[in-house]
Amino acid sequence: MVLATRNADKVAEIRRILRLPAGGLVSLLDYPELPEIDETGLTLEDNALIKAREAHRQTGLPCLADDTGLEVDALKGAPGVFSSRFAGPGATYADNTAKLLRAMEAVQEKNRRARFRCVVALKAGKREEWVEGNLEGVILREARGDGGFGYDPVFFIPQAGKTLAEMTLEEKNAVSHRGAAFRRMAERLAERPV
Ligand code: IMP
């Protein structure tokens, strides 16, 4: 099975979520010759399916793809499907987080709720399926912690009293949007293998 991403942070998390050994999950990092897949969809579901279908077409193997968005209530659901490009094409995690904190400078504590939504799509032959996992939290005013990636340092989980970047990988995977979605997909694959 191929994971349709070149994001090494995601590959590391997903390998642990699925309890696979190092080298036990092939991703597009192992196929450097294949062209980039354009994420042209307007929803997370669209983009997850676009990536899974295209990687399946390119490799001929069963493929899984994850598309994740941060939905901030005070920003009417933005950056959502545009989370990786919030601060423009080629933006770094730090650029995107800085833009998010600036956009929320005037937002009071009680209105800083947000969620990560992760859609995982499967494409194997004619079979197409997708599942979702969510994580609710609050956007802080400054970064805390140096684990995780992306918006993790400003995403606070009230029940845990920590940001995602203050958690170990095991702790993050136990509560995260990606952990929930991939565990759901693993159950589907156990019920009906590809
Ligand atoms: P995509 O699913 O590759 O389109 O990811 C969108 C963007 O959301 C990434 O570039 C990250 O900035 C952010 N992101 C995705 N997953 C996570 C996560 O688990 N924690 C923090 N940020 C994330």
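Shown above is the structure to which this text applies.
In short, a report on the structure.

1. Remarks on empty space enclosed by the protein
- Within this structure, the stated rule accounts for one cavity of 30 Å³ or more.
- Quantified by volume, the largest cavity comes out at close to 40 Å³.
- What lines the largest cavity is simply Leu3, Ala4, Thr5, Lys10, Ile14, Lys51, Leu64, Ala65 and Asp66.
- In terms of residue count, the dominant contributor to the lining of the largest cavity is strand E3 (residues 63-72) (three residues).
- Taken together, the residues that form the lining of the largest cavity break down as five nonpolar, one polar and three charged.

2. Notes on the site of the ligand
- Around the ligand, 16 residues are found, and the nearest of them are Lys10, Thr68, Asp152, Lys172 and Arg178.
- Here an oxygen atom of the ligand and a backbone polar atom of Thr68 are 2.8 Å apart.
- At a separation of 3.1 Å, a nitrogen atom of the ligand approaches a polar backbone atom of Tyr151.
- With the chains in place, 95% of the 480 Å² that the ligand exposes on its own is no longer accessible.
- More than half of the atoms of the ligand fall within 2 Å of the grid points belonging to the largest pocket.
- Those elements that provide at least two residues to the shell around the ligand are E3 and helix H5 (177-191).
- Of the residues forming the shell around the ligand, the biggest block, three residues, is contributed by E3.
- Grouping the constituent residues of the shell around the ligand by class yields four nonpolar, five polar and seven charged.

3. Notes on H5
- If you check H5, its first and last C-alpha atoms are 22 Å apart, about what 15 residues at 1.5 Å a residue would give, namely 21 Å.
- Among all positions in H5, only His177, Arg178, Gly179, Ala180, Ala181, Phe182, Met185 and Leu189 are buried.
- In this structure, the buried residues of H5 make contact with strand E1 (2-3), helix H1 (8-17), E3, strand E5 (113-124), strand E6 (127-139) and helix H4 (169-175).
- Sitting at the amino-terminal end of H5 is Ser176, which places a side-chain oxygen 3.3 Å from the backbone nitrogen of Arg178.

4. Observations concerning the packing of H1 against H5
- Between H1 and H5, the shortest axis-to-axis distance is 10 Å and the interhelical angle comes to 55°. When the interaxial angle is binned, H1 and H5 end up oblique. Considering the relative orientation of H1 and H5, their crossing is right-handed. Contacts from Lys10, Glu13, Ile14 and Ile17 of H1 reach H5 at Arg178, Gly179, Phe182 and Arg183.

5. A few points about unusual backbone geometry
- For the bond from Ala78 to Pro79, the omega torsion is -5°, close enough to zero to count as cis.
- Look at Arg19: it is not a glycine, yet its phi comes out positive at around 55°.
- Its location among the elements puts Arg19 in the loop between H1 and strand E2 (26-27).
- Although it is not a glycine, Lys76 sits at a positive phi angle of roughly 55°.
- The topology assignment puts Lys76 in the loop between E3 and strand E4 (79-80).
- For Lys76, a relative accessible area of 83% puts it in the exposed group.

Rules and cut-offs
As a convention, each chain's residues are numbered from 1 in the sequence order in which they are written. Restriction of local features to residues with pLDDT of at least 70 applies here, the model being predicted, together with a cutoff of 80 or more for giving and counting side-chain atom pairs; totals for whole chains, interfaces and linings are based on all residues. Hydrogens and waters are ignored; side-chain quantities use all the structure's heavy atoms. Here a cavity denotes grid points, spaced 1 Å and computed from the protein atoms alone, that fit a 1.4 Å probe unable to get out, and a pocket denotes an open set having protein on both sides within 12 Å along at least 5 of 7 lines; residues with an atom within 4 Å of a point are the lining. Grid points are joined across faces, edges and corners, and a volume is the space filled by probe spheres set on the points. To qualify as a helix, a DSSP run of H or I must reach at least 4 residues; to qualify as a strand, a run of E must reach at least 2; elements of each kind are numbered from the N terminus. Lys, Arg, Asp and Glu make up the charged group, whereas Ala, Val, Leu, Ile, Met, Phe, Trp, Tyr, Cys and Pro make up the nonpolar group; the residues left over, Gly among them, are polar. The cutoff for a nearby residue is simple: one of its non-hydrogen atoms must lie within 4 Å of the molecule or strand. What qualifies as a polar contact is a pair of N or O atoms within 3.5 Å, subject to a donor-acceptor requirement within protein and to the restriction that residues adjacent in sequence count only when both atoms come from side chains. For the accessible areas, the method is Shrake-Rupley and the probe is 1.4 Å, while residue cover comes only from the protein chains on display. Just a note on the criterion: a molecule sits in a pocket or cavity if more than half of its atoms are within 2 Å of the grid points. To estimate the expected span of a helix, subtract one from its residue number and multiply by 1.5 Å. Only protein chains enter the accessibility calculation, which uses a 1.4 Å probe. A residue is then buried if its area is under 20% of the maximum for its type, exposed if over 50%, and partly exposed in between. Working rule for contacts: check all heavy atoms of both residues, and any pair within 4.5 Å makes them a contact. Fitting a line to C-alpha atoms yields each axis, with helices limited to the stretch in contact; the angle taken between N-to-C directions then spans 0 to 180 degrees. An angle below 35 degrees is treated as roughly parallel, one above 145 as roughly antiparallel, one from 65 to 115 as roughly perpendicular, and anything else as oblique. In this scheme, a crossing is called left-handed if the near helix is turned counterclockwise away from the far one by less than a right angle; it is called right-handed if the turn is clockwise.

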